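Secondary and tertiary structure notes
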Amino acid sequence: MIRNNILYLLLFLFTTFSAPIKSDIVGVPGEIIAIKLADDSKVHETQQLIINYKNTKYLIVPIPFVKKNTVLNIKEFAIKIDKKDFGESRITIANESMVTLSKEDSDRAYKESLLIKNAINSFTKNNMPSLNFIRPLEGVISSRYGKQRFINEKARSPHLALDIAAAEGTKIIAPSLGKVILVGNFFYSGNFAVIDHGNGLLSSYSHMSKVFAKEGDILKQGDMIGSVGSTGRVTGPHLHWSIYLNKVRVNPESLLKEGYLSFLLESAQNNI
């Protein structure tokens, strides 16, 4: 009897965890998808970005970076995420103290990470984000979203941002309307700023030579944030640009596509 129960348990575990992942909704790591909502959808009860367009409501979902195939569950929706190979990024930092931190630097970096986390966790409804962003500066893309990073030949966390290289002092502008909620000089990020675009959408800007915007400023699209620099842990002047939706870091390049919001809604998944 005990042996049979064990066999049944093993069979259950095998069929549960080895079965292929199935879902009608599919997302790519780092991208954003739109899902049509029925009027009785339970998603309305959660803090999610929902856009009302032509009398239809759409749930705007950020797809997180994953290292293996998985399923993201949001209330009644199961979203299949297939892993993607984004390639590698290898850099060398001559100053080893910026790679292997002293206790003092480690404590500083940890405290600063809590400040940044608190800002990213913000969720305000004062502004409905357009999702139609413009480039924060003109420059050369030096590292794209998702690349596996190696610093001094040591594996680090994936690069979940967009690096744009440009000359020191190049103007950095707000890609969309938003409120500046954090400005500081941090160990890793150097001169740094975070903009809240509303409803869980935020963007951050690292390594600036100067930050001209101040906490509390309301920036319109095109207003100046700061200038390109090489502060913090860097190998040269560039902007490290991150975009967060519901605390998930997504690919900034996607939001630069012309008519991006219209594209999302027109390709919305699931039927109401």
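Since this is a predicted model, take the numbers as computed values, not measurements. (Residues numbered from 1 in each chain as written. Predicted model: local features only at pLDDT ≥ 70, side-chain atom pairs only at ≥ 80, totals over all residues. Heavy atoms only, no water.)

Here we come to the nonpolar core. The biggest cluster of nonpolar side chains holds 36 residues, and the ones touching the most others in it are Ile32, Ile60, Leu131, Tyr205, Ile225, Trp241 and Leu255. Contacts of isoleucine 225, omitting those with residues within four sequence positions, involve Ile172, Ile173, Ala174, Ala193, Ile195, Tyr205, Met208, Val211, Phe212, Ala213 and Leu219. The next biggest cluster of nonpolar side chains, apart from the first, holds 13 residues, and it includes Leu59, Ile63, Phe77 and Ile81. (Core = buried A, V, L, I, M, F, W, Y, C linked by side-chain atoms within 4.5 Å. Buried < 20%, exposed > 50% of the residue type's maximum accessible area, 1.4 Å probe, protein only. Contact = heavy atoms within 4.5 Å.)

Now for the side chain of serine 254. Its place among the elements puts serine 254 in the loop between strand E20 (248-250) and helix H3 (260-266). Polar side-chain contacts of serine 254 include one of 2.4 Å to the side chain of glutamate 31. The contacts of serine 254, once residues within four sequence positions are left out, are Glu31 and Tyr260. (Helix = DSSP H or I, 4+ residues; strand = E, 2+ residues; numbered from the N terminus. Polar contact = N/O pair within 3.5 Å; in protein donor to acceptor, adjacent residues only side chain to side chain.)

Moving on, we get to the environment of phenylalanine 192. Tracing the backbone through its elements, the reader meets phenylalanine 192 in strand E14 (residues 190-198). Distance in space between the C-alpha atoms of phenylalanine 192 and leucine 182 is 7.9 Å, their sequence separation being 10 residues. In this view, phenylalanine 192 contacts Ile116, Leu182, Val183, Gly184, Phe186, Ser204, Tyr205, Ser206, Met208 and Val211; residues no more than four positions away in its chain are not counted.

This part covers the pattern of salt bridges. According to the stated counting rule, one finds seven salt bridges in the structure shown. The partner of aspartate 82 in a salt bridge is lysine 80, and the shortest N-O contact between them spans 3.8 Å. The salt bridge partner of glutamate 253 is arginine 144, with a shortest N-O separation of 2.8 Å. Residue glutamate 253 is found in the loop between E20 and H3, and its partner arginine 144 is found in the loop between strand E8 (140-143) and strand E9 (148-151); the two are separated by 109 residues along the sequence. The partly exposed category is assigned to glutamate 253, whose relative accessible area is 23%. Look at arginine 144 and you get partly exposed, because its relative accessible area is 42%. (Salt bridge = Lys/Arg side-chain N within 4 Å of Asp/Glu carboxyl O.)

Purely spatial values, then, with no claim about function.
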